[in-house]
Amino acid sequence: MSLDVSRVRKDFPILDRVINGKRLVYLDSAATSQKPRAVIDAMTHFQEHSYAPTHRSAYQLATESTEAYEMARHKVRRFVNGQADEEIVFTKNATEALNLVVRSWGGANLGPGDTVLLTHMEHHANIVPWQMLAAERGFSLRWVPLTADGQLDLTDLPTLLDGVKAFGFTAMSNVLGTITPVRHLTDAAHAAGAIAIVDACQFVPHVPTDVQAMGADFIAFSSHKMCGPSGIGALWGRQELLDAMPPFLGGGQMIADVRLDGFTAAPLPAKFEAGTPPITEAIGLGAAVDYLTGLGMADVRRHEMDVTGTAIGRLKDRYGDDIRIFGPTNPEIRGGAISFAFRDIHPHDVSQVLDQSNVCVRAGHHCAKPLMRVLGVGATARASFYVYNDVDDVDILVDSLDAASDIFSI
Ligand SMILES: Cc1ncc(COP(=O)(O)O)c(C=O)c1O
């Protein structure tokens, strides 16, 4: 294994929890990740020593707070290899980042007769905002279908992109684990005259991310899935596009001037950060970026490929046709979210039985109902792996599934 997981686990205080005599096996990081001590401490230290409003006051403490907040932006920008700190807009989460693009860019650029291309594997966060705006503006949505093994079916991509103004797609599916060919897709979008919006919510926490190499126009991600706190996410955008877009939310902080007859928006990134920002959360996100950088994102990716490959192999070896794994089985083209159907047992029952062994997996539609319909299921169970999971966790998952068969007498 490329990470020393026994050392990594010591960084996460919650993993010391023992419930009913059993250790915690946390396999729900695709929903939200656990937090290392470094993040918890950075946030506590900031609250105890430097907390004050940002950008607005002239006293020493406020300067410290502002500098810490802007340093977090700088760290996030470096983490995704953006070119300028102004390209990073802090939002509440990835959902808000995607809504920002849809409302601001889409609101200014889309109308009747226009088309936006999405894919069948999108999270609701990259579907519903488009549907809402499409209903208001009268543009239409088109969809990239999937192959039988849960990859994007790109056979008709040039036709699908014909006349499209924006192509929104995930870089890694939260259900199937599929990693999409981002550069190929952004190039195809641009060749068709469309902008490319990448939902990188599952990608940034797990794979080295280089927005310049991706060739995207926007990418969205959330802090809470990458060892940081909830309450903050980020939009990276091309500066010329962000500059040309109208503000998303109005209020304090996002203005250069306000008169009775109107307002002038502040320059980037303040234009898109209306109101008091998530200050402590930004400090936590900055610490999370430091933590992941310390582990090394290339090693994080390699580790997850190892664990995911082992998990898929062992689940298949033990249960054969009794387990159906959705999405590609080759770890080279997928991340660590493994959705599965187990015998005839409902995913919620699977999750409850695993909980008796203190194994936390998600059951449900994973905010991807259109994808559930494509897969022909109402829900799946999903085990997802991160930096603190190892092969022992895999074995406990595999063994604990036996209990589900016993309880449901299958
Ligand atoms: C692929 C994907 N996109 C978007 C989101 C939305 O993230 P958030 O709820 O943090 O806004 C998620 C969260 O599960 C996700 O997995």
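Our subject is the structure that appears above.
Basis of the calculations
- Residues numbered from 1 in each chain as written.
- Predicted model: local features only at pLDDT ≥ 70, side-chain atom pairs only at ≥ 80, totals over all residues.
- Heavy atoms only, no water.
- Buried < 20%, exposed > 50% of the residue type's maximum accessible area, 1.4 Å probe, protein only.
- Helix = DSSP H or I, 4+ residues; strand = E, 2+ residues; numbered from the N terminus.
- Arc of directions from axis to C-beta.
- Contact = heavy atoms within 4.5 Å.
- Near = heavy atom within 4 Å.
- Polar contact = N/O pair within 3.5 Å; in protein donor to acceptor, adjacent residues only side chain to side chain.
- Areas by Shrake-Rupley, 256 points an atom, 1.4 Å probe, with all protein chains shown as cover.
- Nonpolar A, V, L, I, M, F, W, Y, C, P; charged D, E, K, R; others polar.
- Core = buried A, V, L, I, M, F, W, Y, C linked by side-chain atoms within 4.5 Å.
- Pairing = 2+ DSSP bridges.
- Axes fitted to C-alpha atoms, helices over the stretch in contact; angles between N-to-C directions.
- Salt bridge = Lys/Arg side-chain N within 4 Å of Asp/Glu carboxyl O.
- Expected span 1.5 Å × (residues − 1).

**Focus on helix 7 (residues 182-191)**
Among all positions of helix 7, only Val182, Leu185, Thr186, Ala188 and Ala189 are buried. Buried residues of helix 7, seen end-on, are gathered within an arc of 160° and therefore sit on one face of the element. Residues of helix 7 that are buried in the fold lie against helix 6 (157-161), strand 7 (164-170), strand 8 (195-199) and helix 8 (211-214). Positive backbone phi, approximately 85°, marks glycine 193, located one or two places after helix 7.

**Focus: the site of the ligand**
Taken together, Asn93, Ala94, Thr95, His123, Ala125, Asn174, Asp199, Cys201, Gln202, Ser222, His224 and Lys225 form the complete shell of residues around the ligand. Note that an oxygen atom of the ligand is positioned 3.4 Å from one of the backbone N or O atoms of alanine 94. At 2.7 Å, a side-chain N or O of histidine 224 approaches an oxygen atom of the ligand. When the ligand sits alone it has 400 Å² of accessible area, and the protein chains cover 88% of it. Looking at the shell around the ligand, its residues break down into three nonpolar, seven polar and two charged.

**Quick notes on the nonpolar core**
Counting 71 residues, the largest nonpolar core has Phe90, Phe167, Ile219, Met226, Leu292 and Val387 as the members making the most contacts within it. In terms of residues, this core owes the most to one element, helix 10 (residues 279-295), which gives eight residues. Residues contacting phenylalanine 90, with those up to four places away along its chain left out, are Tyr69, Ala72, Arg73, Val76, Ile232, Gly233, Ala234, Phe272, Glu273, Ala282 and Leu285.

**Details of the sheet that holds strand 7**
Spatial ordering of the open sheet is given by 4-10-9-8-7-5-6, a layout of seven strands whose pairing is mixed. Looking at which strands have only one partner, the edges of the open sheet turn out to be strand 4 (88-91) and strand 6 (140-144). Averaged over all pairs of adjacent strands, the angle between their axes in this sheet comes to 20°, without regard to strand direction. When strand 7 meets strand 8, the two strands line up parallel, connected through five bridges. Bridging from a neighbouring strand, alanine 166 pairs with isoleucine 195 of strand 8. The strands touched by helix 3 (residues 60-79) within the sheet are strand 4, strand 9 (218-222) and strand 10 (233-237), with strand 4 carrying the most contacts at an inclination of about 115°.

**What to know about the pattern of salt bridges**
According to the stated counting rule, one finds 19 salt bridges in the structure shown. With a shortest N-O distance of 3.1 Å, arginine 183 and aspartate 187 are connected by a salt bridge. Residue arginine 183 and its partner aspartate 187 are located together in helix 7, separated by four residues, close to a single helical turn. Note on arginine 183: relative accessible area 40%, which makes it partly exposed.

**Quick look at helix 3**
Given a rise of 1.5 Å per residue, 20 residues ought to cover 28 Å, and the 28 Å separating the end C-alpha atoms of helix 3 matches this to within 8%. For helix 3, the complete set of buried residues consists of Ala62, Ser65, Thr66, Tyr69, Ala72, Arg73, His74, Lys75, Val76, Arg77 and Phe79. Looking at the buried positions of helix 3, the neighbouring elements they touch are helix 2 (37-49), strand 4, strand 9, strand 10, helix 10 and helix 11 (297-319). Of the residues trailing helix 3, asparagine 81 is marked for its positive phi of about 60°.

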